[in-house]
Amino acid sequence: MNHSSSARDLPTQYAPAEVEAKLYEHWVAAGYFEADVENDRPPYTIVLPPPNVTGSLHLGHAFQHTLMDVLTRRKRMEGYETLWLPGMDHAGIATQNVVERELAKDGVSRHDLGREAFIERVWQWKEEYGGKILGQMRRLGDGVDWSRERFTMDEGLSKAVQTIFKKLYDDELIYRAERIINWCPRCLTALSDIEVDHQDDDGELVSIRYGEGEKSIVVATTRAETLLGDTAVAVHPDDERYKHLIGTEIELPLTDRRIPIIADEHVDPEFGTGAVKVTPAHDPNDFEIGKRHGLPSITVMDERAVITAHGPFQGLDRYEARPAVVAALRAQGRLVAEKRPYVHSVGHCSRCKTTIEPRLSMQWWVRVGPLAKAAGDAVRDGRVKIEPKEMEPRYFDWVDNLHDWCISRQLWWGHRIPVWYGPDGEVVCIGPDEQPPTGEGWHQDTDVLDTWFSSGLWPFSTLGWPEQTENLAKFYPTDVLVTGYDILFFWVVRMMMFGLYAMDGTPPFHTVTLTGLVRDQFGKKMSKSSGNVVDPLDWMDTYGTDAVRFTLARGVNPGTDVPIGEDWVQGSRNFCNKLWNATRFALMNGATVVPGFPAGTAGTGGQTLNTDSLSATDRWILSRLNATVAEVNALYDEHLLAKASDALYHFAWDEVFDWYVELSKTSLARGGEQAEAVRAVLGHVLDVTLRLLHPIMPFVTETLWTTLTGGESLVIAEWPKPDAAWRDPAAEAEISALQQVTTEIRRFRADQGLKPGQKVPAQLNLADSAVTGHEDAIRQLTRLTPAESGFISTASLSVAGAHVQLDLSGVIDVDAERKRLTKDLATAEKEKEQAQAKLSNQAFLAKAPDEVVKKINTRLVAAQEDIARLTSQLAALPQK
């Protein structure tokens, strides 16, 4: 791209829509984001948590992607061979549901097509409609290496899945067993815990009497229909109310069966009646009780939650069976109590929202014991760091108590389990380079693997594993994993387990940075039902991508939720505009980047520039610049982007734009060597500031920097390093005093009711101050004109050794101002008297809450401060 250092190349206003797409495509075409495995630069690797192929960009994505992009852009500028690897997850249930809905529009089911044809249809859908989020990532400015884009169902990753399944199977860490799982009667598949959303639903709680007379016992349930599968009633062994019944049998209502009363320490004697019905085939806790006591497991519902138990309820859906069972119990006089509505937590399928059903089912499992121990040890011994550290206990609580993982799903879309069954009960697991058995009676398992199984391999499968590739050798382990704390357990732990297992004890990443959740400006969770969901693309359209990114970056405090509102994005847009206007001002005044400056002596016009003659203002901003570089580098290293963003914002806006640019106008107007120095210093400061801001705000900084410097691209520019030699405490103290004097005069003017642009005659005595030599700057910044003949000192103030006398005659209506201040003073004195009266009243203090007393104390302090301020202002008014 052709750039020239001229303000004419910058429009008067920044228009993000005219810049962003062109710049991004230029970066990609230039290959800036591509990682070279043969380069000898040190590697820096982040793998993108693969979004679902069905997904689109939401604020949570934008938040995490911004953080990852900031980290990789900075490391690339620091000289690392940076790889940010993109890709997508095949999202088994979500994708299958989408395609099934499309088929249903034509009155066709997947069963009508058959498995192979349906899978082919899903691939077609993926190619045509999937991956919408990838285009949105480009819109956000993600600097990922698109040449390495992966998909969890592509050939290489499929080989990795089959390889690790075979390895785990051979090591007896994968097995098949019948256990209770989360079951979706709509999707007809097992679900992992993360695929279940819990919400409070209105239900019913019925108390049922089992047995008769002294041998009767009462249990309560929200799922009366499962009574048909009860095989025991359990009580606590120490519960004196039921000790005489333990070991006896009792009649199960509505059936011809008798069931035992058993003692189990799992039962809480303080909850309800202290007795619980035990249905091993339809409740996870009951299943464990059943195993301990050798109880039979009776399945009374099929995979669609239809009653299968023989009798009058057979063929009823669970929601039809529930009231029918309750009515039958009522007719027999078995109902002791009924409570409706009864609000309780109920699990729902995260995809179709159907209420899940605990179900006894034959599934494939990972024996997680040794894998989870290794995942815990890697954090305990310091090989993996979790940020923030406060999240470590939650991580340990999870991995130390992890149950075996159900990895099979009753779907067609996904990695099919590589196990074949023979006609005589043979079970054969096949690796990727092995031929499956053939012949009559042999068939492959029909289930597919949980999506989290393949995404758990993501950090190394995407680099070529199981082959020992150059990419794997250079870029594994990855450096940082950025993900939300809400999936710490489900995804992070699985990657830890698989990475340590497959890569000989080498963890998949050095650091796990856990982000919080993006919430609305009031701290509420964003949800469609609340009507507070924001499409980040809408904000990008309105305010530009950099404004959205900067707003999100200012919320990156590891582990902390991020409130965000449109007003904040508007503020970030204003910052972009301020950067734009300040750079245009610099270019219009001849500022440019001098090679070697400030270490060298070359001038902007080719003449010699003596850096020893830089003004205090120049030396101050160079000192503050280097302090900011050091501070921002330290904050970036700790992934504290919120603090880094704030530091850059305040340096750029407060120190560069509000102070240095304003202070420099006098020197620029004078011309000569001072003006030449200002042009060089301003060019250098903007150069470094734009470099520091680039990872967060890539588009506007790229546009400004290439215009200012003529450089190729900030993406590949050198990252700033602090130079302690340019720290200048004396200059910082001098300009700090100048700021103090200026601020105090401005405050005095405001207190007197003067308009900001109103000029006031004044005499300045700076001989004994720290701001000698800055009179022109002070007058310019505070709108003070030199005193002329007839000057009358009607007001004065002293600050930092500087003495200022002002002539306010004819500038303000002194009588009206005295009247206003006197009225305000009376109000403040009355407020003080009332507060003091209450605080001296012992009876009041004895009864008043602490918060009330605290508020009155605050009011007293405020009133005292107002009195001091107003008294001072009255004294400063011209006397008659």
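Structural data are supplied above this passage.
The paragraphs below set out a description of the structure included in this document.

Conventions adopted
- Residues numbered from 1 in each chain as written.
- Predicted model: local features only at pLDDT ≥ 70, side-chain atom pairs only at ≥ 80, totals over all residues.
- Heavy atoms only, no water.
- Helix = DSSP H or I, 4+ residues; strand = E, 2+ residues; numbered from the N terminus.
- Buried < 20%, exposed > 50% of the residue type's maximum accessible area, 1.4 Å probe, protein only.
- Contact = heavy atoms within 4.5 Å.
- Areas by Shrake-Rupley, 256 points an atom, 1.4 Å probe, with all protein chains shown as cover.
- Lys, Arg positive; Asp, Glu negative; His and termini not counted.
- Charge placed at Lys NZ, Arg CZ, Asp CG, Glu CD.
- Axes fitted to C-alpha atoms, helices over the stretch in contact; angles between N-to-C directions.
- Parallel < 35°, antiparallel > 145°, perpendicular 65-115°, else oblique.
- Pairing = 2+ DSSP bridges.
- Disulfide = S-S within 2.5 Å.
- Core = buried A, V, L, I, M, F, W, Y, C linked by side-chain atoms within 4.5 Å.
- Left-handed = near helix turned anticlockwise from the far one by under 90°.
- Nonpolar A, V, L, I, M, F, W, Y, C, P; charged D, E, K, R; others polar.
- Salt bridge = Lys/Arg side-chain N within 4 Å of Asp/Glu carboxyl O.
- Phe/Tyr/Trp six-rings, centres within 6.5 Å; stacked < 30°, edge-to-face > 60°.
- Lys NZ or Arg CZ within 6 Å of the ring centre and 35° of its normal.

### Some thoughts on the overall build of the chain
Argument step 1. If you tally the helices and strands in the chain, you get 27 helices and 29 strands.
Argument step 2. Expressed as lengths along the three principal axes of its C-alpha atoms, the size of the chain is roughly 115 × 80 × 55 Å.
Argument step 3. Among the 880 residues that make up the chain, the fraction classed as buried is 54%.
Argument step 4. Of the contacts formed within the chain by residues at least 6 apart in sequence, a portion of 77% connects residues at least 24 apart.
Argument step 5. Carbon and sulfur atoms form 49% of the exposed surface of the chain, whose accessible area is close to 38800 Å².
Argument step 6. Averaging the locations of the 93 positively and 126 negatively charged side chains of the chain gives two centres separated by 5 Å.

### What about the packing of helix α2 (residues 59-77) against helix α17 (residues 545-553)?
Argument step 1. In contact at an axis separation of 9 Å, α2 and α17 are set at 90° when each is read in the N-to-C sense. The orientation of α2 relative to α17 falls into the category roughly perpendicular. Residues Leu59, Ala62, Phe63, Thr66, Asp69, Val70 and Arg73 of α2 pack against Arg549, Leu552 and Ala553 of α17.

### Re the sheet that holds strand β12 (residues 275-278)
Argument step 1. Here four strands make up an open sheet; going across it, the order is β10-β11-β9-β12 and the pairing mixed. In this open sheet, the two edge strands, each paired with only one partner strand, are β10 (249-251) and β12. Strand after strand, the sheet turns through a mean of 30° between neighbouring axes, direction not considered.
Argument step 2. In terms of strand pairing, β10 meets strand β11 (residues 258-263) through three bridges, oriented antiparallel.

### Concerning the state of the cysteines
Argument step 1. A complete count under the given rule lists zero disulfides for this structure.
Argument step 2. Among the cysteines around Cys349, which has no disulfide bond, Cys352 carries the closest sulfur, lying 3.7 Å off.
Argument step 3. The closest cysteine sulfur to the non-disulfide-bonded Cys429 is located on Cys406, 17 Å from its own sulfur.

### Some details on the nonpolar core
Argument step 1. Phe575, Leu579, Ile621, Tyr636, Phe657, Met697 and Leu806 are the most contacted members of the largest nonpolar core, which has 151 residues in total.
Argument step 2. The biggest single contributor to this core is helix α20 (residues 641-670), with 15 residues.
Argument step 3. Leaving out residues up to four positions away in the same chain, Met697 has contacts with Asp546, Phe550, Phe575, Cys576 and Leu579.
Argument step 4. Grouped together as the second largest cluster of nonpolar side chains are 60 residues, Leu371, Tyr476, Val492 and Met495 included.

### Points about the packing of helix α18 (residues 566-588) against α20
Argument step 1. Following both chains from N to C, one finds α18 and α20 inclined at 25°, their axes separated by 11 Å at the closest point. The orientation of α18 relative to α20 falls into the category roughly parallel. Here the hand of the crossing between α18 and α20 comes out left-handed. Touching Asn574, Phe575, Lys578, Leu579, Ala582 and Phe585 of α18 are Leu648, Tyr649, Ala652, Trp653, Phe657, Asp658, Val661, Lys665 and Leu668, all from α20.
Argument step 2. For the contact of α18 with α20, the residue count by class is eleven nonpolar, one polar and three charged.

### Let's talk about the sheet that holds strand β23 (residues 509-515)
Argument step 1. Within the open sheet, the three strands sit side by side as β15-β23-β22. Their pairing is parallel. Each edge of the sheet is formed by a strand with only one pairing partner; in this case those strands are β15 (385-387) and β22 (478-484). Between one strand and the next, the sheet's axes are offset by a mean angle of 20°, whatever the strand orientation.
Argument step 2. Where β22 meets β23, six bridges bridge the pair, whose relative direction is parallel. Bridge pairing in β23 places Leu481 opposite Val512.
Argument step 3. With respect to the sheet, α2 is in contact with β22 and β23, its orientation differing from that of β22 by roughly 160°.

### What about the pattern of salt bridges?
Argument step 1. This structure, assessed with the given rule, holds 55 salt bridges.
Argument step 2. The residue Arg74 makes a salt bridge to Glu78 at a minimum N-O spacing of 3.3 Å.
Argument step 3. Residues joined in a network through salt bridges with shared partners are Arg74, Lys75, Glu78 and Asp637.

### Regarding the packing of aromatic side chains
Argument step 1. Applying the stated criterion across every chain, the model contains 25 aromatic pairs.
Argument step 2. Plain terms: the ring middles of Phe165 and Trp364 are 6.0 Å apart, the flat faces sit at 65° to each other, and that makes the pair edge-to-face. Taken together, the residues span a long stretch of sequence, with Phe165 in helix α7 (residues 155-170) and Trp364 in strand β14 (residues 357-366) at a distance of 199 residues.
Argument step 3. Among the residues examined, Phe165 registers a relative accessible area of 0% and is labelled buried.
Argument step 4. With a centroid separation of 6.3 Å and an interplanar angle of 55°, the aromatic rings of Phe165 and Phe453 are classed as tilted. One end of the pair, Phe165, is in helix α7; the other, Phe453, is in helix α12 (residues 451-455), with 288 residues separating them in the sequence.
Argument step 5. Taking NZ or CZ as reference, Arg110 lies 4.7 Å from the ring centre of Trp412, over its face.
Argument step 6. When the ring centre of Tyr649 is taken as origin, the NZ or CZ atom of Arg554, which lies over that ring, is 4.5 Å away.

### Digging into unusual backbone geometry
Argument step 1. At the junction of Arg340 and Pro341, the peptide bond is cis and its omega measures out at -10° in the coordinates.
Argument step 2. Within the secondary structure, Pro341 sits in strand β13 (residues 335-349).
Argument step 3. Between Glu387 and the following residue, Pro388, the backbone shows a cis peptide bond with an omega angle of -5°.
Argument step 4. For Pro388, the position within the fold is in the loop between β15 and α11 (392-399).

### A short note on the side chain of Thr95
Argument step 1. Note that Thr95 resides in helix α3 (residues 92-104).
Argument step 2. Overall, the relative accessible area of 0% leaves Thr95 in the buried class.
Argument step 3. Setting aside its immediate chain neighbours within four residues, Thr95 contacts Val53, Thr54, His90, Val122, Trp125 and Trp413.

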